[in-house]
Amino acid sequence: MTLLRSLAVAVALPILFVLEASDASAQSKNPTGASISKHVVIEDPLILDSRLTDKGITPQTAAEVLRFILSANPDTIATIGRAAPQAAPSTLFLASKIDRLGEATVWTGFARTSTSSPLRLGPVAILYENGLRFGSLSEISELVRAQFTNSLSDGSSAGLSLGCVKSTGQLGPRLQQEIFYRFQSRLVMVPGVHWQDLASDFCSDEAQEQFPNQWRIDGRIAADEGGISIEPQLSRLALRIPLVAYRGTPSTFRDDQGEYYDLLTRGVSAIINQYPADIVEIASSSRDAGIGVQSEQGLRFLGGNVPHLALRFLQRAATGNPNLNYELGTAFQSLSAPRQAERAFRMAIAGNPAHGLAHRDLGEILFKQDKFEEAAKEFERAGTTSGAAETYAQLLYSQGRRAEAREKAVSALERGERSTGLQLLLARLDIGENKLTDAVERLSSQLADSHDGDGDRDRIVKLLKEAAATALTRRDLPTSEKALDALIERAPDPEVYLVRGRVAVAKSKNNGFGSTEEAVLFFTKALETKKDKNIENPELDLVVLELAEALFLDGQYVQAAAKAGSFFSTQYSRGQEEPRPDSKATTYRYIPVAALLQLSGQQVIRSSPVENALEALQRSLGKSPKKPELIVWVTGPNGREPVTVAQWSFATLRLYVCTQLGSKKRDEVAQLIDRFEGETGLEKTFCPTR
């Protein structure tokens, strides 16, 4: 089973570049596996800043950074100097230079298609004297991607000013200054946009014509003790794009302001860098239309995957309309604004207490806020609304109300709901109640109905692996074997082969070692398909030892000794340091295990005195023998802490030696096992009583 999850960045670059590149990757990953529609062909950048070359940064390493950050987007592939793949319908060729400008290091790009002239992108400041400019690599990524989307970005960094907002009311000027400060601090995170203070006369339309790449946020702020109203819009030349508004009280705004400022910031970024220019122009031209048009446009924007444009239109049209308030709530929810979404769902319910969808989605928000009692009430009010039972059942499960969770999930399935989430919940309940056969049948059926790219497939596979491992632990070998065979047929990987080999070893103990050939087969497949270093599941780094033991159990003593020896020599070449907090896992404690398996195999086929083997084993154990344990470092409440996730046992080997070897060889190998267990404090194993 998988023990650790982590992200490894295999780009050998100075640490400042790697850190931000990995952050960009983490934020842009799409687990659903989007199809590739964009291809960027990168030429090696021209490096003109000698400070970079002095640090060992070459055009090739700089190109690798660009390739990494651009490929982090799920629909984009970036290659260095290669032709476009047929699977990518849009191709962009990117040249660039990295130069010195004062004390800063700046990147400038030149993008072209096969039929167009190069368009200059940037410049983007990437390094200052005190280090990497945070957000610079993401800004480069956004500027390049903007060339595919036909957005309003022209490739250079756009200036943005807030000096044109008008404020009224007792608290208006102070709130305006607060918004300026908060928004400006967030603006450094917006790719392709920089803060720019301009004179107040810039607010006139005539003055704007002198600054074609200068944006402004204007609109109105009205604030006093009785209430707050913020109605901003984003403007450039003739464009006037309504941004998300806010209405509340000074008290509610204190709680809402962080979420609201984030919405504004992300909305500005989306409109300038991401949304197609023609769609933004429609939003601008429709801003003063009647309520009917506003409603239609809001729903169209929401369905067209431009939710930031939808917000203001739906806000204007939703007054007194439960269905539009619900759609507004879903728009906020899609933009990770749960406070605003909750308010919209409550308004929908106020207008229509029987609005099942609003009750369901409100319940989900409350559930995520750990407001379980309130969430349960909303799920009850949602009734048979599709999807409500799944989250309600999960809530009941999280509270330990397992019987109620099962009843809710079963009743939803009986009503005809087709929900993988419900099936997974029932399977987890089955595992917890030791109904492993039911769990495996349910999960195997779900796996058969899934397909690559299905977002639920990974969850099914993970839980089916858990069911297989649990069945093995509980000695339910047929059920474990059935689960693993389903995985081998539809989702094979080294972990599956590893556990399947362990099932074969366990079967061998019960059938006079008649399944050892099967164990060898599966351990061999695990060894052949695993990575060289398995940070996510370090037990795979020990599979060679399990294969060596299986070979011994199969009577292949020469091969067993050779396999064990390969691990033995490799680990010694790495050293025998204790695990450190900055390491993911250690396998050094298994060196003596490899030595014992190697010496046992050699002892069976040779006539040398066992004393020689015992001396060699003692040398391997060292002066301070330790138990053969797999130790990993994980993040806990007190920082990085060591956790033992596996420990070797010689019970199976002992049983084989006692029942399958002749008396002389039995006694010799038994002495080796006795010495090992005695020196390390490993639990003592014995021959079965006859």
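Model, not experiment: these values are computed from the prediction. (Residues numbered from 1 in each chain as written. Predicted model: local features only at pLDDT ≥ 70, side-chain atom pairs only at ≥ 80, totals over all residues. Heavy atoms only, no water.)

A. The arrangement of the layout of surface pockets in detail. Estimated volume of the second largest pocket: approximately 880 Å³. Only α19 (457-473), α21 (494-510), α23 (543-553), β16 (639-647) and α27 (651-660) provide two or more residues apiece to the lining of the second largest pocket. Top element by residues in the lining of the second largest pocket is α21. It accounts for five residues. Looking at the lining of the second largest pocket residue by residue, the classes come out as 16 nonpolar, four polar and six charged. (1 Å grid on protein atoms, 1.4 Å probe; cavity = no way out; pocket = protein on both sides within 12 Å on 5 of 7 lines; lining within 4 Å. Points joined across faces, edges and corners; volume = space filled by probe spheres on them. Helix = DSSP H or I, 4+ residues; strand = E, 2+ residues; numbered from the N terminus. Nonpolar A, V, L, I, M, F, W, Y, C, P; charged D, E, K, R; others polar.)

B. Quick look at the packing of aromatic side chains. In the structure shown here, the tally under the stated rule is 16 aromatic pairs. Judged by centre distance (5.6 Å) and plane angle (35 degrees), the ring pair of Tyr326 and Phe345 falls under tilted. Of this pair, Tyr326 sits in helix α11 (residues 322-334) while Phe345 sits in helix α12 (residues 338-351), placing them 19 residues apart in sequence. Like Tyr326, the residue Phe345 is buried in the burial classification. Pairwise contacts between aromatic rings join Tyr246, Phe253, Tyr260 and Tyr261 into one cluster. Positioned above the aromatic ring of Phe93, the side-chain terminus of Arg112 is 4.7 Å from the ring centre. Arg402 extends its terminal NZ or CZ atom over the ring of Tyr397, reaching a point 4.4 Å from the ring centre. (Phe/Tyr/Trp six-rings, centres within 6.5 Å; stacked < 30°, edge-to-face > 60°. Buried < 20%, exposed > 50% of the residue type's maximum accessible area, 1.4 Å probe, protein only. Lys NZ or Arg CZ within 6 Å of the ring centre and 35° of its normal.)

C. Empty space enclosed by the protein, seen in detail. As enumerated under the stated definition, the model contains four cavities of 30 Å³ or more in all. Every element with two or more residues in the lining of the second largest cavity is listed here: β8 (158-168), α5 (172-187), β10 (214-224) and β11 (227-236). Residues of the lining of the second largest cavity, tallied by class, amount to 10 nonpolar, one polar and three charged.

D. Broad picture of the state of the cysteines. Scanning all chains against the criterion turns up one disulfide. Here Cys658 connects covalently by a disulfide to Cys687, the sulfurs 1.6 Å from one another. Between Cys658 and Cys687, the disulfide has an S-S torsion of -65 degrees and is therefore left-handed. Of this pair, Cys658 sits in helix α27 while Cys687 sits in the segment after α28 (663-680); the two residues are 29 residues apart in sequence, bridging distant segments of the chain. (Disulfide = S-S within 2.5 Å.)

E. The nonpolar core, seen in detail. Residues Leu160, Ile217, Ile230, Leu234, Ile241 and Leu309 are the most contacted members of the largest nonpolar core, which totals 77 residues. Take this core: its biggest share by element is nine residues, from helix α7 (residues 250-274). Residue contacts for Ile230: discarding those within four places in its chain leaves Leu175, Ile179, Arg220, Ile221, Ala245, Tyr246, Phe253 and Tyr260. Formed by 52 residues, the second largest nonpolar core is a distinct cluster that contains Phe522, Leu655, Val657 and Leu672. (Core = buried A, V, L, I, M, F, W, Y, C linked by side-chain atoms within 4.5 Å. Contact = heavy atoms within 4.5 Å.)

F. Main features of the pairing of strand β15 (residues 629-636). Looking at chain direction, β15 and β16 are connected through eight bridges and run antiparallel. Bridging from a neighbouring strand, Trp633 pairs with Pro642 of β16. In sequence, β15 turns back onto β16 through a hairpin of two residues. (Pairing = 2+ DSSP bridges.)

G. View of unusual backbone geometry. In this structure, Asn434 is a non-glycine residue whose phi angle is positive, near 65 degrees. In this fold, Asn434 is placed in the loop between α17 (420-432) and α18 (436-449). Residue class for Asn434 comes out partly exposed when judged on its relative accessible area of 48%.

H. Spatial organisation of the pairing of strand β4 (residues 90-101). As judged from the five bridges shared by strand β1 (residues 38-42) and β4, these two strands associate in the parallel manner. The residue bridging Ile42 from the neighbouring strand is Leu94, located in β4. The pairing of β4 with strand β5 (residues 104-112) spans nine bridges and is classified as antiparallel. In the strand pairing of β5, Lys97 is matched with Thr108.

I. Molecular detail of the side chain of Thr516. Summarising the element assignment, Thr516 is placed in helix α22 (residues 516-529). On the accessibility criterion, Thr516 (4% relative accessible area) is buried. Within the structure, the side chain of Thr516 is placed 2.6 Å from the side chain of Asp554, a separation counted as a polar contact. When sequence neighbours within four positions are dropped, the list of residues in contact with Thr516 reads Ser508, Ala550, Leu553 and Asp554. (Polar contact = N/O pair within 3.5 Å; in protein donor to acceptor, adjacent residues only side chain to side chain.)

J. Looking closely at the pattern of salt bridges. Counting across every chain of the model gives 43 salt bridges. Between Arg490 and Glu489 there is a salt bridge, and its shortest N-O distance comes to 4.0 Å. We classify Glu489 as exposed; its relative accessible area is 61%. Among the salt bridges present, the one from Glu546 reaches Arg502, with a minimum N-O distance of 2.8 Å. Taken together, the residues span a long stretch of sequence, with Glu546 in helix α23 and Arg502 in helix α21 at a distance of 44 residues. (Salt bridge = Lys/Arg side-chain N within 4 Å of Asp/Glu carboxyl O.)

K. Here's a closer look at the environment of Arg502. Under the relative-accessibility criterion, Arg502 is labelled partly exposed at 22%. Considering only alpha carbons, one finds Arg502 and Leu547, 45 residues apart in sequence, at a separation of 9.9 Å. Excluding residues that lie within four positions of it along the chain, Arg502 makes contacts with Leu472, Phe523, Glu539 and Glu546. A polar side-chain atom of Arg502 sits 2.8 Å from a polar atom in the side chain of Glu546.

L. Summary view of the side chain of Thr652. Mapped onto the secondary structure, Thr652 falls in helix α27. Among residues more than four places away in sequence, those in contact with Thr652 are Val505, Lys509, Phe513 and Leu553.

M. Structural detail: helix α14 (residues 372-382). For α14, the set of buried residues is Ala375, Ala376, Glu378, Phe379 and Ala382. Taken down its axis, α14 places every buried residue within 165 degrees of arc, on the same side. On the buried face of α14, the contacting elements are α12, α13 (356-368) and α15 (388-398). Where α14 terminates, the next one or two residues include Gly383, which has phi positive at roughly 60 degrees. (Arc of directions from axis to C-beta.)

N. Layout of the environment of Asp541. Its place among the elements puts Asp541 in the loop between α22 and α23. Sequence separation of Asp541 and Lys530 is 11 residues, and the distance between their C-alpha atoms is 8.4 Å. Look past the residues within four positions of Asp541 in its chain and what remains in contact with it is Lys530, Asp532, Lys533, Asn534, Phe567 and Thr587.

These results come straight from atomic positions and should not be treated as a statement about function.
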